[in-house]
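Commentary on secondary and tertiary structure
The lines below spell out each chain.
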Amino acid sequence: MESGGDNFPDLIPPTKIAYISGRPATLHLRKCKLVMERADGTPLEYIFDQPTVSIGAMDDNDVVVDDDTVSRYHCRVFQEDDTYLIQDLTSTNGTFVNRVRIREAYLKPGCTITAGKTDIRFQSLDERVEIQPVNRDRFGRIVGKSLRMREIFGILEKIAPTGVTVVIEGETGTGKEVVARTIHEASHRSKKPFVVFDCGAVPENLIESELFGHEKGSFTGAIMARQGLFEVAQGGTIFLDELGELSLDLQPKLLRALEQREIRRVGSNKPIKIDVRVIAATNRNLAEEVKAGRFREDLFYRLTVVRLILPPLRERKEDLPLLTRHILSRGNFNKDAEGLTRIKGIGREALDAMMNYHWPGNVRELVNVVERACAYTDSEYVTLEDLPEQISGIGIVRRRPSPEALTSRDKIEKAIEKPFKEAKEEWVSSFERDYIVNLLKRNSFNISHAAREADIDRKYFRKLMKKYGVEAAEGDED
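For the structure given in this document, a descriptive report is provided here. What you are looking at is a predicted structure, and each value in this text was computed from that prediction instead of being measured. Counting of residues starts from 1 at the beginning of each chain's written sequence and follows it residue by residue. Restriction of local features to residues with pLDDT of at least 70 applies here, the model being predicted, together with a cutoff of 80 or more for giving and counting side-chain atom pairs; totals for whole chains, interfaces and linings are based on all residues. For the side-chain quantities, the full set of heavy atoms in the structure was used; hydrogens and water were omitted.

**A closer look at the overall build of the chain**
Every helix listed is a DSSP run of H or I at least four residues long, and every strand listed is a run of E at least two residues long, numbered separately from the N terminus. Along its length, the chain carries 16 helices and 25 strands. Note on classification: 1.4 Å probe, protein chains only; a residue is buried when its accessible area is under 20% of the maximum for its type, exposed when over 50%, partly exposed between these limits. Put simply, the chain has 478 residues, and 52% of those count as buried. Taking all contacts inside the chain whose residues are at least 6 apart in sequence as the whole, residues at least 24 apart take part in 60%. Just so you have it, the chain exposes about 23200 Å², and 49% of that area is on carbon and sulfur atoms. In this analysis, two residues are considered to be in contact whenever any of their non-hydrogen atoms come within 4.5 Å of each other. A 1.4 Å probe and the Shrake-Rupley method give the accessible areas. Residues count as covered only by the protein chains that appear here.

So this is what it looks like as structure tokens:
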């Protein structure tokens, strides 16, 4: 590596936070400032918190330089661990740091970058923010009054407006997608697309095409050119769910997209510039995956600028009453024909039983339990008898359920009163809903696993969930 002068870089506090076990957290928000002079001699400042900044004459650079001696894509400034580096992009007239020509060099605060005939001063900025629990019980789509959730709200409040990459870890059903959507909606990218890609739901040989797109004829079946999801998400956020399922062969390509902020479609050598924030989620411990050799260390450090580990529901049971009220108020299953809320709340005994339950499926399981109870109850409040046996502990309840929970015999007797076609459609719909709900329960409410067991595409499985109201309920906490 060629260096512009001193071979030893000044360490710059990294934009990094790991919120894992409820300890007070400090966020080091790393930014860089680049200063040029306008034609009239006044300074023009650029401040960036993103990991890579491109400099050149083309309009799609982060810093556009109006100088005939500057190449279209002249150089880039990027973060590596706790330092900033600059790399020349094979420019015609070269890149210089403190008048020394470089291919790649460490940047020290106060140094001068020269591209063509243009001088650019480099400065590093470090914002250190101590995260304090907020005094409210919700942030965007997320609700919770426990200390751990209010601390997470404090972190989200600080990082959402920035462009930092976030990895969200936690058990299945803890609300990772909801957190990702909330970060997007609280950022300056909120008017742009929020694109979801499940790394575990697409065959491995199609993932590269799904993410980066492909050209016509690039592989069998590629009958036309197609944009990848990074292009679709341009200007917005891409959420990579089940990141731990991404194969080692594909991880370097994702790393390149993050570092160079460009992608190449399958079958093309033409780079496409991207401006996309990446948020990833996994129910695996990525640090352990790195140690086991199943996840690249360099990609891990590039992604985990901010690392959040969401607590399971059993560790924040004080949030149960609030979450239950939120689910009842938001769930389509608790609305009558006029759109009004049917069930007002949970009875004391039922709530006590729910507080004593372990909740292996986390908030997603809670959503399903509340939906089931609303179908069974005949009153304005859910009672102990309306809860599943594993929660209520009182065995099989012999009582008349609501129409949504009719037995097969009841359904048959009801169906024969209708024309065959209408009765068949209702029966098929009932089967489909019961099938996906029970399959989700058997797979601990993991959509990818349930879709694989059903031997159907995950997108179609989600479509069925949405069709029968499961999607709406599940969307509150994913």
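**Regarding the pairing of strand 23 (residues 306–309)**
Here strand 23 shows two buried faces, one formed by V306 and L308 and the other by R307 and I309. Whether two strands pair depends on DSSP finding at least two bridges between them. As paired strands, strand 15 (residues 166–169) and strand 23 are joined by four bridges and run parallel to one another. What sits directly across from I168, in strand 23, is L308.

**Observations concerning the packing of helix 14 (residues 447–454) against helix 15 (residues 458–467)**
The axes are straight lines fitted to the C-alpha atoms, using for helices just the contacting stretch, and the angles between their N-to-C directions are given from 0 to 180°. Two numbers describe how helix 14 lies on helix 15: the axes approach to 9 Å, and their chain directions differ by 105°. Here helix 15 runs roughly perpendicular to helix 14, going by the angle between their axes. Here helix 14 contributes I447, S448, A450, A451 and A454 to the contact with helix 15, which in turn contributes R458, F461, R462 and M465. We call Asp, Glu, Lys and Arg charged. Ala, Val, Leu, Ile, Met, Phe, Trp, Tyr, Cys and Pro are nonpolar, and the rest, Gly among them, are polar. Looking at the contact of helix 14 with helix 15, its residues break down into six nonpolar, one polar and two charged. The scheme is simple: roughly parallel for angles under 35 degrees, roughly antiparallel for over 145, roughly perpendicular for 65 to 115, oblique for anything else.

**Section: unusual backbone geometry**
Its identity as a non-glycine residue notwithstanding, N98 has a phi of 50°, on the positive side. Tracing the backbone shows N98 in the loop between strand 8 (95–97) and strand 9 (100–102). Residue classification places N98 among the partly exposed residues on the basis of a relative accessible area of 43%. Despite not being glycine, E242 shows a phi value in the positive range, around 50°. For E242, the position within the fold is in the loop between strand 19 (237–241) and helix 5 (251–260). Among the residues examined, E242 registers a relative accessible area of 11% and is labelled buried.

**With respect to the packing of aromatic side chains**
Stacked, tilted and edge-to-face are the three classes applied to pairs of Phe, Tyr and Trp rings, where Trp contributes its six-membered ring and a pair requires centres within 6.5 Å; stacked means planes under 30 degrees apart, edge-to-face means over 60, and tilted covers the rest. Throughout the structure, instances matching the rule amount to seven aromatic pairs. Taking 6.4 Å as the distance between ring centres and 25° as the angle between the ring planes, the aromatic pair formed by F139 and F153 counts as stacked. Here F139 is found in strand 13 (residues 138–139), whereas its partner F153 is found in helix 1 (residues 147–159), with 14 residues between them in sequence. Note on F139: relative accessible area 10%, which makes it buried.

**Re the environment of I343**
In this structure, I343 sits in the loop between helix 8 (320–330) and strand 24 (345–346). Through-space distance from the C-alpha of I343 to that of C374 is 6.7 Å; in sequence the pair is 31 residues apart. Beyond its immediate sequence surroundings of up to four residues, I343 is in contact with L328, N334, C374, T377, S379, E380, Y381 and V382.

**Re the nonpolar core**
Among buried residues, those of type Ala, Val, Leu, Ile, Met, Phe, Trp, Tyr and Cys that are joined through side-chain atoms within 4.5 Å constitute a nonpolar core. Core analysis: the largest hydrophobic core is formed by 31 residues, its most contacted members being F230, I238, L240 and L243. For this core, the element with the highest residue contribution is helix 5, accounting for four residues. If we skip the residues at most four places from it in the chain, F230 touches L211, F212, I238, L254, I263, I274, V276 and V278.

**What about the side chain of E231?**
Its place among the elements puts E231 in helix 4 (residues 229–232). In this structure the side chain of E231 is engaged in a polar contact, spanning 2.9 Å, whose partner is the side chain of R265. Non-local contacts of E231, meaning those with residues more than four positions away in its chain, are made with F212, I263, R265 and I272. For this analysis, a polar contact is any N or O atom pair within 3.5 Å, provided that within protein one partner can donate a hydrogen and the other can accept it, and provided that sequence-adjacent residues contribute only side-chain to side-chain pairs.

**Details of the pattern of salt bridges**
Salt bridge, as applied in this entry: a Lys or Arg side-chain nitrogen positioned within 4 Å of an Asp or Glu carboxyl oxygen. Taken as a whole and assessed by the stated rule, the structure comprises 28 salt bridges. Between R462 and E177 there is a salt bridge whose closest N-O contact spans 3.5 Å. Taken together, the residues R462 in helix 15 and E177 in helix 2 (residues 176–185) connect sequence positions 285 residues apart. Taken individually, R462 and E177 each receive the classification buried, so the pair is uniform in this respect. We note a salt bridge from E380 to K344, for which the minimum N-O separation is 3.4 Å. Here the residue E380 occupies a position in the loop between helix 10 (362–376) and strand 25 (381–382), and K344 occupies one in the loop between helix 8 and strand 24, the gap between them amounting to 36 residues.

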